[in-house]
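Reading the structure
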Amino acid sequence: MSGSDVTREGVQGARPGRDAPTGARAGRRRRRRGRGEQPMVPDAQFSSYYGKPVLNKPTWKPLDIAGYLYLGGLAGAASLLAAGAHATGRPDLARVAKLGAAGAITVSLGALVHDLGRPARFVNMLRVFKPTSPMNMGSWLLSGYAPLTMAAAAADVAGRYRLVGAGATAGAAVLGPAVATYTAVLLSDTAVPSWHEGYRELPFVFAGSGASAAAGLALASVPAAQAGPARRMAVLGAALEMGLFQLMKRRMGMLAEPFERGRPHTLLRAAEVLTAGGAALAALSGRRRERGLAVAAGVALMSGSAALRFGVFHAGVDSAEDPKYTVVPQRERLEARAG
């Protein structure tokens, strides 16, 4: 090596990009250096090509799909309330619950079809029976449940065909819990991080939310003398909804962050206040028999249930748009398996 070469190397320094050893020799050299060496690679930045998310953003329309989630929950719980009222001789409560279930599921189906674009797409889902697909099973469930609610409501309003009406009421009550909760299974079955990770608790959250909404409808519409089951459903539904939602967020870790920021946080905070306040007013209205308290409780409970569904929907969309909510949990799962 000439003097000029030595000088040039001394001034410029070694060029690791070309001169650094690779492969097995590099591994042996790193091991000889010991464990005190600090990593020189900076922390990864969670981004993707051209700044696009890792997952495709859900294309569902917020008003259609969040409304579909809300009204389906209300309908399913209302069918249970209608069956209980029918069996215990509370005709006013039974009628309101039957009409509420029929109306809610009709509008819910309308919102779903509107999001799909044309009715034929819903009908096409009934061409096969696929138990592994929540969307397919939900379509079959709605196809059986909706006619039952309409038959129960029509028989009650007409005052005829009581035996048919009683059978339809019982059938709708059997399917009601599945109608109120299957949408949570549908969301959890997607790759959207903050929906998928809530698969354990989200069906119970939706069950409580649906019960709160159905109870709220009854409290706002039924005389206090017949509203006892609705008041009890309001308190139990609110407790289930709020308790399981907090448990879900604690278990989800960083994937609960989208619930705590921006529009989802505002909606979910409103849901907590409205649901807790509505449940308290519902309990108080039973003691004082004041119609104003019952109406206020009903409005608060229905509004709180709607706010929860919209908050969950928007939080899921936000989690799909940020790559870290996809990358970090996958990395943690791989490291846990390797360990």
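Keep in mind the model is a prediction, meaning the values are calculated, not measured.

Thresholds applied
- Residues numbered from 1 in each chain as written.
- Predicted model: local features only at pLDDT ≥ 70, side-chain atom pairs only at ≥ 80, totals over all residues.
- Heavy atoms only, no water.
- Core = buried A, V, L, I, M, F, W, Y, C linked by side-chain atoms within 4.5 Å.
- Buried < 20%, exposed > 50% of the residue type's maximum accessible area, 1.4 Å probe, protein only.
- Helix = DSSP H or I, 4+ residues; strand = E, 2+ residues; numbered from the N terminus.
- Contact = heavy atoms within 4.5 Å.
- pLDDT = per-residue confidence, 0-100.
- UniProt positions renumbered as here; feature names shortened; annotations may be inferred.
- Expected span 1.5 Å × (residues − 1).
- Salt bridge = Lys/Arg side-chain N within 4 Å of Asp/Glu carboxyl O.
- Phe/Tyr/Trp six-rings, centres within 6.5 Å; stacked < 30°, edge-to-face > 60°.
- Lys NZ or Arg CZ within 6 Å of the ring centre and 35° of its normal.
- Polar contact = N/O pair within 3.5 Å; in protein donor to acceptor, adjacent residues only side chain to side chain.

With respect to the nonpolar core
In terms of nonpolar packing, the biggest core is built from 72 residues, with Y68, L142, L202, L219, F245, F259 and V312 touching the most fellow members. Looking at this core, the elements that each hand over two or more residues are α4 (62-87), α5 (91-116), α7 (134-158), α8 (162-188), α10 (202-221), α11 (228-252), α12 (262-288) and α13 (291-321). Excluding anything up to four places from it in sequence, Y68 contacts S108, A111, L112, L142, Y182 and T183.

Overview of the confidence of the model for the protein chain
Low pLDDT means the predicted coordinates in that region are not meant to be read closely. Considering every residue of the protein chain, the mean pLDDT works out to 84; 82% of them sit at 70 or more. This stretch, residues 1-34, has a pLDDT under 50; its non-local contacts, to residues over four places away or in other chains, come to 7 contacts.

As for the UniProt feature "transmembrane region" (unreviewed entry) in the protein chain
According to UniProt, the "transmembrane region" (unreviewed entry) feature falls on residues 65-84, 96-117, 137-156, 163-184, 204-225 and 293-312. Structurally, residues 137-156 is divided into 100% helix and 0% strand, and its ends, taken at the C-alpha atoms, are 29 Å apart. Between the C-alpha atoms that bound residues 163-184 the distance is 34 Å, and the span itself is 100% helix and 0% strand.

Brief notes about unusual backbone geometry
Outside of glycine, negative phi angles account for most residues, and trans bonds account for most peptide bonds. With a phi angle near 50°, Y161 is a residue other than glycine that sits in the positive phi range. Structurally, Y161 can be placed in the loop between α7 and α8.

Remarks on α5
Look at α5: 37 Å from first C-alpha to last across 26 residues, which is about the 38 Å you get at 1.5 Å a residue. Just downstream of α5 lies G117, where phi reads positive at about 110°.

A short note on the pattern of salt bridges
Two side chains carrying opposite charge are able to pair once their charged atoms lie near each other. This model, assessed by the stated rule, comprises 8 salt bridges. Between E257 and K324 there is a salt bridge whose closest N-O contact spans 3.4 Å. Here E257, found in the loop between α11 and α12, pairs with K324, found in helix α14 (residues 324-338); they are 67 residues apart in sequence, far enough to count as distant. Taking the relative accessible area as the measure of exposure, E257 reaches 30% and is therefore partly exposed.

Here's the deal with the packing of aromatic side chains
Here the structure, examined in full by the defined rule, presents 3 aromatic pairs. Ring centres of F129 and W140 lie 6.0 Å apart, and the angle between their planes is 65°; this geometry places the pair in the edge-to-face category. Taken as a pair, F129 in the loop between α6 (119-124) and α7 and W140 in helix α7 lie far apart in primary sequence, 11 residues in all. Here the aromatic rings of F245 and F259 are separated by 5.5 Å at their centres, their planes lie at 80°, and the arrangement is edge-to-face. With a gap of 14 residues between them, F245 in helix α11 and F259 in the loop between α11 and α12 connect regions that are remote in the sequence. What makes F259 buried here is its relative accessible area of 1%. The ring centre of Y199 lies 5.8 Å from the NZ or CZ of R251, which sits over that ring. Note that R309 overlies the ring of F206, its terminal NZ or CZ placed 4.1 Å from the centroid.

Side note on the side chain of S285
With respect to the secondary-structure elements, S285 resides in helix α12. S285 gets classed as buried once you look at its relative accessible area, which sits at 2%. From its side chain, S285 meets the backbone oxygen of A282 in a polar contact 2.7 Å long. Look past the residues within four positions of S285 in its chain and what remains in contact with it is R231, E290, L293 and A294.

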